[in-house]
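Architecture and fold: a report
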Amino acid sequence: MAVSIRALPGRTAFLASVGFAYLIILAPLIAVFWVSFFRNKIIAFPPQGYTLAWFANAWSLDDFRNGFVLSLEVGIIATLGSLLIGVPAALALARHDFRGREAISAALMSPLIVPGIVAGTAVYMFYIEIETWTDVQLAATLPGLCLAHVVLALPWTVRLVTASLIGVNRLVEEAAMTLGAGPVKTLWRVTLPMIRPAIVAGGLFSFVVSFVDLEKSLFLVGPGRMTLPIAIINYLEWSIDPTIAAVATIQILIISAALLLTDRFVRLSRVF
Amino acid sequence: MAKIALENLEKRFGSFVAVESLSLEIADGEFLALLGPSGCGKTTILRMISGLTEATRGRIHFGARDVTGLPPYARNIGLVFQGYALFPHMTVAENVAFGLEMRALDRGEIGHRVHSALETVQLAGLASRLPRQLSGGQQQRVALARAIVIRPDALLLDEPLSALDAKLRQELRQEIRRLQRSLGITTICVTHDQEEALSLATRLVVMHHGRIEQIGTPSDLYERPASRFVAEFIGKSNFLDGRVVAKDEFVTKSGFVFRFQRQSARASSHEASSVGFRPEKIEIGRARNAALANHVEGTVDAITYLGATTEYEVRLPSLERLTVHAGANPVEPIGIGDEVTLSWSSEATFVV
Ligand SMILES: Nc1ncnc2c1ncn2[C@@H]1O[C@H](COP(=O)(O)OP(=O)(O)OP(=O)(O)O)[C@@H](O)[C@H]1O
Ligand SMILES: [Mg+2]
């Protein structure tokens, strides 16, 4: 008892600083959410009243609607691609020692380190090079955009799945083998189910990073097409009414839903 | 079920020899215990027999079948790992059914065999639990059921009871013994608990640094240890250094003459060796027991009450110390500082 009483001031300070940190992180999100319901034509405080009109307006604008659909499409393809390449890559990296293992690992992780603008430019130039050599057009096409997003999403799958594999008890897989399961059956019936939370988390993270990416997509979308983040930037150039807040609110809600869903499969706090 | 034969089996990790040229035959239905200190190569042997680790040299036969090059999933082995290694994402019943599904048996047969295996280990009521919802002892039984349900040619147990408390260990020990007898399954059990080995096995193999020190029945090893290492590993023993001077006579460095009946092959009569005798074979009293061949006098230094027995530390005039285990209710009370005489027979005396 004596200990906890003496610890009380420390605990209060701790809670206060945690609360402050949360406030700083959440304040902009709450502000955006709040503003999206303002009746004012120009974002200003205090609000002159509340309306849902900006949400209707956002949906009525082709740029936002098409951008939303394109972002969704690209996000789903990036997720599938990231899982199809990332899971086998993680298995190879976590389980086998081969020449160039470190290099491949670093390459797969590099999108986390290279700034988006730089990566976007580089990918764009790379696509142009490919086109001049092979006549295959990737720049300004949907496949090109999706490919870039797969690369963008890969580190998340690789990192989450590798971390999970390292925690898998090898003896459990060996037990499956002594019971008659060959390598493929062991992978399918034992290893993959054991790392399923990480696979789900990797997929959802892949979707989120693709869904919010602006910098790379800027270079890679075709003329006249735009992803949702690009549509938002475009719109901001001309108007600053709360439509933008309404779009951002939808985006925040989708991402929050994805993260909450992920958290149900794997405690995110354990991954980082 | 089959006889297992290991021929010159060897495992090297780089230049380190974990198991050195091991030859061993385990009869059909036999219960063999493999024991030795940590790192002596016990797990490595089981892993080679099950195919999880490739032998560097040597051959492994199950009955007439040479399985040396076969992968683990083609060997039909029931292996119980030290940490049980249950499938965490499967229920108890699914864990047990796994090996049968791999053998593509039909559903009805699988259900039937899983049920009877769970009955055998008294877990029928917990079939739909997940491993993490079980106690250590229950997990151990699931691992056992999972291993025996496939009717393996051999059952390999790697320290199956080491994670359990003493009472549970005793219970499960009986259960394993009963199960092994009723199934008549050839079994190798690794342990570094000598009590476990003595109570379970028909034959014991004592390992040391990747080599076999001695193979024999529990009483062989206890009464006729082949080396000082075995004598110290199996039970407690007193040792005095010296040399053999006649066919049945040993003289210690401190000058005592003891008669012995058993001499290990390694202890030749010319080299320095040790005479050994077990603490519970010694009679302690004020007068010598003239019926016994060996006697020595000393002073009681310490007394420890152990329940069924009492342990006496006796200091000899030569300052050497002997340990004596005697019944808890001595005929004549003995206290610290008392002068006593120790007597034991020549049959209870061995030279290693
Ligand atoms: N994969 C490996 N690489 C290198 N050395 C190994 C490997 N596996 C085991 N060893 C070594 O081989 C020796 C025997 O190991 P093993 O696991 O068989 O011992 P053990 O008798 O089972 O010991 P314990 O009672 O502690 O389980 C040890 O010295 C160990 O360090
Ligand atoms: Mg071991």
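The notes below deal with the structure included here. Not measured: the values here are computed from a predicted model.

So, about the interface of chain B and chain A. Across the boundary between the two partners, chain B contributes 21 residues, which contact 17 residues of chain A. When chain B packs against chain A, the two sides together hide about 1700 Å² of surface, and 70% of this comes from carbon and sulfur. Considering only the side of chain B, the residues that lose the most area to chain A are Tyr73(B), His89(B) and Met102(B), jointly responsible for 32% of the buried surface there. Joining chain B to chain A, the criterion identifies two salt bridges. Here Arg189(A) and Glu101(B) are joined by a salt bridge, their closest N and O atoms 2.9 Å apart. If you look at where chain B meets chain A, you find five residue pairs in polar contact (both at pLDDT 80 or more).

Here the focus is the side chain of Glu196(B). Residues and elements named next belong to chain B. Relative to the elements of secondary structure, Glu196 occurs in helix H6 (residues 194–200). Comment: no salt bridge for buried Glu196; closest opposite-charge side chain is Arg173, at 4.2 Å. Not counting the four nearest positions on each side in its chain, Glu196 is found in contact with Pro160, Leu161, Arg169, Arg173 and Thr191.

With that settled, the discussion passes to helix H12 (residues 228–238) of chain A. Because each turn of an α-helix spans 3.6 residues, side chains separated by three or four positions end up pointing in the same direction. Regarding H12(A), the residues found buried are Leu228(A), Pro229(A), Ile230(A), Ala231(A), Ile232(A) and Tyr235(A). Turning to H12(A), the residues buried within the fold contact helix H3 (53–60), helix H4 (62–95), helix H10 (196–212), helix H11 (215–220) and helix H13 (243–265) of chain A.

What follows is about the packing of H4(A) against helix H7 (residues 142–166) of chain A. All names here are of chain A. Where H4 meets H7, the axes come as close as 5 Å, and the angle between the chain directions of the two elements is 40°. Regarding the angle of H4 to H7, the classification is oblique. Considering how the two elements wind past one another, H4 and H7 form a crossing that is right-handed. Looking at the contact of H4 with H7 residue by residue, the classes come out as 21 nonpolar, six polar and two charged.

To continue, consider the pattern of salt bridges. Residues and elements named next belong to chain B. Evaluation of the coordinates by the stated rule reveals 28 salt bridges over all chains. A salt bridge links Glu223 to Lys281, with the shortest nitrogen-to-oxygen separation between them at 3.2 Å. A residue pair is termed long-range when its members are at least 10 positions apart, and Glu223 in helix H7 (residues 218–223) and Lys281 in the loop between strand E15 (273–277) and strand E16 (283–285) qualify at 58 residues. The class for Glu223 is partly exposed, based on a relative accessible area of 26%. With a relative accessible area of 29%, Lys281 lands in the partly exposed category. Across the pair Arg228 and Asp241 runs a salt bridge whose closest N-O atoms are separated by 3.2 Å. Of this pair, Arg228 sits in helix H8 (residues 228–233) while Asp241 is found in strand E11 (residues 238–246), placing the two residues 13 residues apart along the sequence.

Residues and elements named next belong to chain B. The geometry of helix H4 (residues 136–148) relative to helix H5 (residues 166–183) is characterised by a closest axis approach of 11 Å and an angle of 15° between their N-to-C directions. Relative to H5, H4 is oriented roughly parallel. The two elements H4 and H5 meet at a crossing, and its hand is right-handed. Residues Gly137, Gln140, Arg141, Leu144 and Ile148 of H4 lie in contact with H5, whose contacting residues are Leu168, Leu172, Glu175, Ile176, Leu179 and Leu183. Residue composition of the contact of H4 with H5, grouped by class: seven nonpolar, two polar and two charged.

Residues and elements named next belong to chain B. Phi at Glu159 takes a positive value of approximately 40°, unusual for a residue other than glycine. Tracing the chain through its elements places Glu159 in the loop between strand E7 (154–158) and H5. Looking at Glu159, the relative accessible area reads 7%, which means it is buried. Here Leu319, not a glycine, exhibits a phi torsion of approximately 75°, which is positive.

Rules behind the numbers
Residues numbered from 1 in each chain as written. Chains lettered and ligands numbered in written order. Predicted model: local features only at pLDDT ≥ 70, side-chain atom pairs only at ≥ 80, totals over all residues. Heavy atoms only, no water. Contact = heavy atoms within 4.5 Å. Buried area = accessible area lost by both parts, 1.4 Å probe. Salt bridge = Lys/Arg side-chain N within 4 Å of Asp/Glu carboxyl O. Polar contact = N/O pair within 3.5 Å; in protein donor to acceptor, adjacent residues only side chain to side chain. Helix = DSSP H or I, 4+ residues; strand = E, 2+ residues; numbered from the N terminus. Buried < 20%, exposed > 50% of the residue type's maximum accessible area, 1.4 Å probe, protein only. Lys, Arg positive; Asp, Glu negative; His and termini not counted. Axes fitted to C-alpha atoms, helices over the stretch in contact; angles between N-to-C directions. Parallel < 35°, antiparallel > 145°, perpendicular 65-115°, else oblique. Left-handed = near helix turned anticlockwise from the far one by under 90°. Nonpolar A, V, L, I, M, F, W, Y, C, P; charged D, E, K, R; others polar.

It is worth stressing that arrangement in space is one thing and function is another; only the former is reported here.
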